[in-house]
Structures are given as structure tokens and as C-alpha cells.
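# Structure at a glance
Here's the letter readout for the chains.
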Amino acid sequence: MRRIIHNEWRYLIRNRLVQWITLGFAVVLVATIFLGNLQQSEQAERYQEARKHLRDQWDGIEAMNPHGAAHYGTYAFKPTTLLSSLDEGVGSQTGNVLRVEGHVQNEMVHSEAVQMQAASRFGKLKSSLLLKYIVPLLLIFLAFDSVSREKKSGRLKLLMIQGAKPLPIVFAKTTMVWIYGVFLLLLVMGAFTLISSLNSDVDLGQRSLLFFLSYTLYFYCLSAFTVFFSTRWKNATAALTSMLGIWILWTIFLPNIFLSSVEKWHPLPSRNEFQAAMKEDRAQGLDGHNPSDERGKALEQEVMAEYGVDSLHQLPINFDGIRMQADEEYGNQVWDKHFGELRNVLARQKRSLQWGGLLTPFIALQNASMGFTGTDNYHHQEFLIQVEDYRRMFIKTLNDKHAYGGSTTGDWGWMADNDFFRSVPEFQYQPTPLAQVLPGYLPDLGILLGWTLLTSFLLLGGAKNIRGL
């Protein structure tokens, strides 16, 4: 088998057409890595400059009412990562800037997809795009006549007369094509490793390794399936047509059909419905600026009883800050309720979509590719949670200063000094560690491994097809 692989590889690398195609693909694949990293670096630099500018403005506040500063707010920027140069995932659709302020939880803005030209909204040229769509086609065209060509030339009979067994021949053909795909994948990973060497860590290395593993399994499935058809049909054209039909079903029709079905099984509310439900529940609680609010009146009585006074103006603290913080805490409960329901629906969609990998390994590959590069919707939701946790701390710090910093109720002209504003920490995003999310992607790896075993069994059947030659 080793000799057959060696001979097949020699035949492949001596083919001038394959040489030029390989060179072209290698240049494009490596270029996408470097260009993607350049874009990521420029974007990270712009975000860093914007973050520093905003922080300098915040630190430059000489004196301001804390509640005014809560409306002034700040911004949180979703950081780009080195791995996004491999697979951008949902990054260009979700936006990357989030305003942090009092009374409201804002949505992400500045989505790159909105700013693209219409012809570019299918996605930017990333390594994952080539690895998912173009390289598989190349593997199919290399493998579709791998056995039928030998049948037609009579070389297959000669090999068997010389003692070669059908099964080693079939697996050797598959392995040769698969090695070629892995070679192109190694070019991508090599370029990525070269770029990321200055910023590497254990988590990055583990994610890169799992990314590599996912694609190697997928390439094997494609190679084995194509070689199987080459053994099944005497006509190479029939083998090519069959595999191209399978590839179209795998990558275009089945993923879209299954995704549409999942969205119907677990429907998400529209943006307007979600915002209306949030607004309705929010209206049932405290109004941070309405002294006549019934819940606010009950809070007044509670605080006055606590301090043993008969009116708000007798309080040694500023009740306005307490009322606003109570309003924030009620709003937080509303956000937790609706956002939690949204996350549950998204989690059910993800689990259901993973079952689609049983119909097509392309779905499992997509899930694994985005998951291991940290660019899928789950990682995006983790960012939103971190920002919301920061927003709550940020606003509570300002409200507590307004309530207990030295002003009295109704004194909206009171101002905190610069030292206070400098003491308020800025947002620091903590990347989600792989160990936390890995269990969610093990089913995708398991499905890819299952497809690997299935296509290997198909090769056993393919070997029987040529045994009687």
C-alpha cells in the first residue's frame, strides 16, 4: 500500500496541470491568511485607538453629576482575534461596537456586512471559504477517475496479477488524494502559525489543532466518497457527476433546508417583537425619573423608615440615586428574563442544527470551524454577557456615588470630582477559554468521525466491486 501511495504521489506531482493549480491555490490560501491578519491587525489598532480616545475623554471629566455621566456613557468594542483570520464566522453580521449607558441595554452596531457592497455580502475571502468550498472541489476532481482510469488503462488488472489486493489499492488512492488536501491545509496552518507565533498561547494552539483536525476529517470523507464512486461506476463521468451531486446537496441544499427547518422548530422573536416585550415588562417596574410612580412611592417609605425621617429632604443621602439604581435593577431582571429566553432558543437551535450533521458533514464542519475559531454565535453571546455585567457595575458605581457621595435629594447640580471618574474601571474583555465551550462542539467532531468511519466502510464495498476484475 505504501508503494502504491508513493507511486500515486509521484504521478500527481509530475502532472504539470496539478503543479500550476497547486501553486495557484497555495498562493491564494496563504495570501488570505496574511491579508486576513492584516485586516485583523488594522481593525484591532482602530479599536484600540478608539478605546483609548474614549477613556481619555472619560478620565478628562473635571466635574459632572454622576447621573449625567451615566447618560454620557461609554462604548465597548468586540475584539478581533488571530483566529478570525481563519474563519470570520458571524463577526461581519453581528456588529462590533456596543454603547454602554444607563436605563437601557443597547444593541450591537457597525456591522461590516451592512457597509459592504451588495456583491460582497456573501462573505469576504477567508481561508475557511476556500477550505470549505474550493479545496473540496479540487479533491473531487483529483479522485473521481482514480480507479476508473486504472480500469480503462488495464493497469488495475496488472496490479492485481502482481499480487496487489483491491482494498489496499482503494485505500491508497483515497489516502493520496487526502494527503494532497492535508498538504494545502498545512500551508494555511503554517502561515497562521508563523503569524501568530508572537502572540501564541495554549488556548490558541489547542483551538488551531482542533480546527486542523476538523478539516482533515472532512477532506477524508470527501476523498473516500469520491473514490468509492470511482470504484462503483465504470464511466468516470458518472463518478464525477454523482460526487458533484452529493457535494451540492452537502454544501448548498441540505444545510439551507435544515437551517430553515430549525428556525421554524425553534422560532426566534423578531427584533420589533423582542423590543416591544422588553418595553412592556420594563414599563411595569420603577420609573427612575418619575417621583409619582407607585413602586417609587413604596421605595420612598421604605428608605425613610430605614433612616427614621418623615420626608426625603431630611435624608442624609440622595434618594434620587437610590430610585435610579432600583430602576436599573428591575431593568436588569427584565433583561435577564428576555435575553435568557433568547439564549435558550439559540441553544436549542444549535443542538438541533448539530443533528443535521448526520445528513451532511458540512454542517458539522461549519459548527466546528466557527466554534474552534471563537467566531460563532455562542462566543458572541458570551461577549454580550460580559458587556452587560460591566454595564451593571458601571451604572451602579455612578448611582451609588449620586446617592451616597455627599449630595441630598433633589440636588441635581451636585458634581463628582475627577478622581472619582478616574477610579471607575474600563471594560476589559476576557476571552472564553476552550475548556468552557469544548463540550458543545464534541458532537460535531463525533459526527465528522462517524462520517469518516462510514466512508471507510464504503471503500470496503468499493474494493469488492473491483475484486472480480
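Given the structure is predicted, the values throughout are model-derived calculations rather than measurements.

Parameters and conventions
- Residues numbered from 1 in each chain as written.
- Predicted model: local features only at pLDDT ≥ 70, side-chain atom pairs only at ≥ 80, totals over all residues.
- Heavy atoms only, no water.
- Patch = residues over 30% accessible without salt bridge, like charges linked within 9 Å, V, L, I, M, F, W, Y side chains within 5 Å.
- Areas by Shrake-Rupley, 256 points an atom, 1.4 Å probe, with all protein chains shown as cover.
- Salt bridge = Lys/Arg side-chain N within 4 Å of Asp/Glu carboxyl O.
- Helix = DSSP H or I, 4+ residues; strand = E, 2+ residues; numbered from the N terminus.
- Buried < 20%, exposed > 50% of the residue type's maximum accessible area, 1.4 Å probe, protein only.
- Phe/Tyr/Trp six-rings, centres within 6.5 Å; stacked < 30°, edge-to-face > 60°.
- 1 Å grid on protein atoms, 1.4 Å probe; cavity = no way out; pocket = protein on both sides within 12 Å on 5 of 7 lines; lining within 4 Å.
- Points joined across faces, edges and corners; volume = space filled by probe spheres on them.
- Core = buried A, V, L, I, M, F, W, Y, C linked by side-chain atoms within 4.5 Å.
- Contact = heavy atoms within 4.5 Å.
- Expected span 1.5 Å × (residues − 1).
- Arc of directions from axis to C-beta.
- Axes fitted to C-alpha atoms, helices over the stretch in contact; angles between N-to-C directions.
- Parallel < 35°, antiparallel > 145°, perpendicular 65-115°, else oblique.
- Left-handed = near helix turned anticlockwise from the far one by under 90°.
- Nonpolar A, V, L, I, M, F, W, Y, C, P; charged D, E, K, R; others polar.

Where nonpolar side chains cluster on the molecular surface, the patch consists of Ile248, Leu249, Ile252, Phe253 and Ile257 and spans about 430 Å² of accessible area. Mapping phenylalanine 253 onto the fold places it in helix α11 (residues 236-265).

In this section: the pattern of salt bridges. Close approach of charged atoms allows side chains with opposite charge to pair. Taken as a whole and judged by the stated rule, the model has 17 salt bridges. Aspartate 320 is the partner of arginine 323 in a salt bridge, and the nearest nitrogen-oxygen pair spans 3.3 Å. Highlighted residues: arginine 323 and aspartate 320, both in helix α14 (residues 319-355), separated by three residues, approximately one helical turn. For the pair shown, arginine 323 and aspartate 320 are each scored as buried. We note a salt bridge from lysine 396 to aspartate 400, for which the minimum N-O separation is 2.7 Å. Of the two residues, lysine 396 and aspartate 400 are both situated in helix α16 (residues 377-404); the distance of four residues between them amounts to about one turn of the helix. Take lysine 396: its relative accessible area is 37%, and that puts it in the partly exposed class. Counted as one network, the salt bridges with shared partners bring together Glu328, Asp336, Glu388, Arg391 and Arg392.

Attention now goes to the packing of aromatic side chains. Overall, the coordinates contain 22 aromatic pairs when judged by the stated rule. Their ring planes at 80° and their centres at 6.1 Å tell us that phenylalanine 383 and phenylalanine 427 sit as a pair that is edge-to-face. Residue phenylalanine 383 is located in helix α16, and its partner phenylalanine 427 is located in the loop between α17 (418-423) and α18 (434-465); the two are separated by 44 residues in the primary sequence. Comparing phenylalanine 383 with phenylalanine 427 shows no difference in burial state: the two are buried.

Considering only enclosed or pocket space, the second largest pocket measures out at about 790 Å³ in volume. Together, 34 residues line the second largest pocket, and Pro79, Thr80, Thr81, Leu82 and Thr373 are the ones closest to its centre. Where the lining of the second largest pocket is concerned, the elements lending two or more residues are α2 (16-59), α4 (91-94), α10 (202-232) and α16. No other element matches α2, which puts five residues into the lining of the second largest pocket.

Here the focus is unusual backbone geometry. The phi angle at histidine 103 is positive, at roughly 75°, despite the residue not being glycine. Its place among the elements puts histidine 103 in the loop between β3 (97-100) and α5 (112-115). Under the relative-accessibility criterion, histidine 103 is labelled partly exposed at 21%.

If you look at the biggest cluster of nonpolar residues, it comprises 56 residues, and the most contacted ones within it are Leu86, Leu131, Val135, Phe219 and Leu459. Of all the secondary structure elements, the ones that give two or more residues to this core are α2, α6 (127-143), α9 (166-196), α10, α11, α15 (361-372) and α18. When residues of this core are assigned to their parent elements, the largest contribution, 14 residues, is made by α10. In this structure, Ala69, Trp335, Ala416 and Phe421 belong to the second largest nonpolar core, which totals 26 residues.

Here glutamine 436 shows up in helix α18. Sequence-distant contacts of glutamine 436, that is, excluding residues within four places in its chain, are made with Tyr378 and Glu382.

Attention now goes to helix α12 (residues 271-283). For α12, which comprises 13 residues, the first-to-last C-alpha distance of 18 Å matches the rise-based estimate of 18 Å (1.5 Å per residue) to within 8%. For α12, the full list of buried residues reads Met278, Asp281 and Arg282. Mapping the buried residues of α12 onto a view down its axis gives an arc of 105°, with all of them on the same face. Relative to its buried face, α12 has exposed residues pointing more than 90 degrees away, namely Asn272, Glu273, Lys279, Glu280 and Ala283. Close packing links the buried residues of α12 with α14.

Time to look at the packing of helix α13 (residues 294-307) against α14. Running from N to C, α13 and α14 point in directions that differ by 125°, and their axes come no closer than 11 Å. Of the possible angle classes, the one that applies to α13 and α14 is oblique. Considering only the axes of α13 and α14, their crossing is right-handed. Between α13, through Arg295, Gly296, Leu299, Glu300 and Val303, and α14, the contact on the second element is made entirely by Phe319, Ile322, Arg323, Ala326 and Tyr330. Looking at the contact of α13 with α14 residue by residue, the class counts come to six nonpolar, one polar and three charged.

Think of an α-helix as 3.6 residues a turn; residues three or four steps apart then line up on the same face. With 14 residues, α13 should cover 20 Å at 1.5 Å per step; its first-to-last C-alpha distance of 20 Å lies within 8% of that length. Taken as a whole, α13 has its buried residues at Gly296, Leu299, Glu300, Val303 and Met304. With its buried residues spanning 130° around the axis, α13 presents them on a single face. Opposite the buried face of α13, at more than 90 degrees from it, the exposed residues are Glu294, Gln301, Glu302 and Ala305. Summarising the contacts, the buried residues of α13 are in contact with α14.

That is the geometry; function is a separate question.
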